[in-house]
Amino acid sequence: QTMDSLNTFMSIQNFDQTLRIKVRAFFNQTKDLAKADSHKALINRMSPCLKEEVTAKNCEWIQQIWYLKGFQPALSVTLLDYLVPSVFTPQEKVAIVDCLCVVSRGVAS
């Protein structure tokens, strides 16, 4: 449904083919973002103890960050509440200051 709306929008706006491809690629990459939002909403409905247990299992990647290794699961739950996932296009210049960034796919330089 999103792609249909997107295609209609791009057609009305007379996007050239190169831009259409770029925009479609971006929205294809955001599918995981929608899943993550849905999962976060489910976790937020859980009791504090269950949140810790689920978060410990669901977010093992946090333990790969050297300065977060060994932290209590409660900290992971709190930390995840503050993380905001984002998607950027290839070669997009992003000005990020004073933030923890975790790259799950692609390359950052």
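The preceding data block contains the structure.
What you see is a predicted model, and the numbers here were worked out from it, not measured in a lab. (Residues numbered from 1 in each chain as written. Predicted model: local features only at pLDDT ≥ 70, side-chain atom pairs only at ≥ 80, totals over all residues. Heavy atoms only, no water.)

1. Things to note about unusual backbone geometry
Among all residues except glycine, the phi angle is most often negative; among peptide bonds, the trans geometry is most common. For Asn14, which is not glycine, the phi dihedral falls at a positive 55°. Among the secondary structure elements, Asn14 is positioned in the loop between helix H1 (2-12) and helix H2 (17-29). Relative accessible area serves as the criterion here: at 63%, Asn14 is assigned to the exposed category. Phi is positive for Gln91, which is not a glycine, with a value near 65°. (Helix = DSSP H or I, 4+ residues; strand = E, 2+ residues; numbered from the N terminus. Buried < 20%, exposed > 50% of the residue type's maximum accessible area, 1.4 Å probe, protein only.)

2. What to know about the packing of aromatic side chains
The final tally for this structure, using the stated rule, is two aromatic pairs. Between Phe9 and Phe15 the ring centres are 5.4 Å apart and the planes differ by 75°, which places this aromatic pair in the edge-to-face class. Taking relative accessible area as the criterion, Phe9 reaches 42% and is therefore assigned partly exposed. Between Phe26 and Phe27 the ring centres are 5.6 Å apart and the planes differ by 85°, which places this aromatic pair in the edge-to-face class. (Phe/Tyr/Trp six-rings, centres within 6.5 Å; stacked < 30°, edge-to-face > 60°.)

3. Observations regarding the environment of Leu50
Along the polypeptide, Leu50 turns up in helix H4 (residues 48-58). Judged by its relative accessible area of 40%, Leu50 is partly exposed. With 39 residues separating them in the primary sequence, Leu50 and Thr89 have C-alpha atoms 36 Å apart.

4. Topic: the nonpolar core
If you look at the biggest cluster of nonpolar residues, it comprises five residues: Cys59, Ile62, Ile65, Leu68 and Leu80. Residues within four places of Leu80 in sequence aside, it is in contact with Lys40, Thr55, Cys59, Trp61 and Ile62. (Core = buried A, V, L, I, M, F, W, Y, C linked by side-chain atoms within 4.5 Å. Contact = heavy atoms within 4.5 Å.)

5. Overview of the packing of H1 against H2
Think of two packed helices as two axes; the pair is described by the angle between the axes and how far apart they sit. Orientation of H1 relative to H2, taken along the N-to-C sense of each, is 160°, at an axis distance of 11 Å. Our classification of the angle between H1 and H2 gives roughly antiparallel. At the point where H1 passes H2, the crossing takes the right-handed sense. Mapping the contact onto sequence places Thr2, Met3, Leu6, Asn7, Met10 and Ser11 in H1 and Arg20, Val23, Arg24, Phe27 and Asn28 in H2. When grouped by side-chain class, the residues that make up the contact of H1 with H2 number five nonpolar, four polar and two charged. (Axes fitted to C-alpha atoms, helices over the stretch in contact; angles between N-to-C directions. Parallel < 35°, antiparallel > 145°, perpendicular 65-115°, else oblique. Left-handed = near helix turned anticlockwise from the far one by under 90°. Nonpolar A, V, L, I, M, F, W, Y, C, P; charged D, E, K, R; others polar.)

6. Quick look at the environment of Arg24
In this fold, Arg24 is placed in helix H2. By relative accessible area, which is 24% here, Arg24 ends up partly exposed. Separated by 77 residues in sequence, Arg24 and Cys101 have C-alpha atoms that sit 25 Å apart. Once you skip the residues sitting within four places of it in the chain, Arg24 turns out to touch Met3, Leu6, Asn7, Met10 and Gln17.

Honestly, that's just the spatial picture; any functional story needs more than this.
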